[in-house]
Amino acid sequence: MDGKTPLFASLFGHVFLRDVHGIWVLDPNGGTLERHWDDEQALRAELDTEDGQDAWLLAGLAIGAKRRRIPRGEGQTYNFVPPPILGGGFDLDRVMVMDFSVSLHLAGQLHEQIRDLPPGSRISGFQFDENS
């Protein structure tokens, strides 16, 4: 993530970053890092809308998790288990809490391991490497 500076992270682990080209989002669910806005003003304008909050912050799910009293402490993030990329859904029944850095680390390893698989591949396991 050369030259990118973190701005903030969402409750679901999306990391918003800034560089000279604009504002980027690291999506732990999709395994993508993409530029979406030219500047922080454009990001704020979109996040000031209900649609923007739902799309980028998963606000509806965050409110639902709070209503269900799913406890999340400082340094923790909500995660979907199993991950959506492995066939899990984006619903509250699949939400669990995890340490933010562990969550990003696991998501990175998962996406690295499945990146080159053809669509529809059957996945029989996931190997966690504590050293990477």
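Refer to the structure above for everything that follows.
Definitions and cut-offs
Residues numbered from 1 in each chain as written. Predicted model: local features only at pLDDT ≥ 70, side-chain atom pairs only at ≥ 80, totals over all residues. Heavy atoms only, no water. Salt bridge = Lys/Arg side-chain N within 4 Å of Asp/Glu carboxyl O. Helix = DSSP H or I, 4+ residues; strand = E, 2+ residues; numbered from the N terminus. Buried < 20%, exposed > 50% of the residue type's maximum accessible area, 1.4 Å probe, protein only. Phe/Tyr/Trp six-rings, centres within 6.5 Å; stacked < 30°, edge-to-face > 60°.

Engineer: Residues and numbers for the pattern of salt bridges, please.
Structural biologist: With the rule as written, the count across this model stands at seven salt bridges. Across the pair arginine 44 and glutamate 40 runs a salt bridge whose closest N-O atoms are separated by 3.8 Å. In this pair, arginine 44 and glutamate 40 both sit in helix H1 (residues 40–47), four residues apart, roughly one turn of the helix. Among the residues examined, glutamate 40 registers a relative accessible area of 25% and is labelled partly exposed. Arginine 68 serves as the salt-bridge partner of aspartate 93, at 2.9 Å between the closest nitrogen and oxygen. One end of the pair, aspartate 93, is in the loop between strand S5 (76–80) and strand S6 (95–99); the other, arginine 68, is in the loop between helix H3 (59–67) and S5, and 25 residues separate them in sequence. For aspartate 93, a relative accessible area of 66% puts it in the exposed group. A single network of salt bridges, built from pairs that share partners, joins Arg18, Glu40 and Arg44.

Engineer: Account for the packing of aromatic side chains, naming residues and giving values.
Structural biologist: Scanning the entire structure with this criterion turns up six aromatic pairs. Measuring from centroid to centroid gives 5.2 Å for phenylalanine 12 and tyrosine 78, while their planes differ by 40 degrees, and the two rings are tilted. You can see phenylalanine 12 sitting in the loop between strand S1 (5–9) and strand S2 (15–19) and its partner tyrosine 78 sitting in strand S5, a full 66 residues away along the chain. Like tyrosine 78, phenylalanine 12 is buried. With a centroid separation of 5.0 Å and 70 degrees between ring planes, the pair formed by phenylalanine 80 and phenylalanine 90 is classed as edge-to-face. Remark: phenylalanine 90 occurs in the loop between S5 and S6 and phenylalanine 80 occurs in strand S5; sequence separation between them is ten residues. For phenylalanine 80, a relative accessible area of 5% puts it in the buried group. Overall, the relative accessible area of 47% leaves phenylalanine 90 in the partly exposed class. Every member of this aromatic cluster is reached through a ring pair, and the members are Phe8, Phe16, Trp37 and Trp56.

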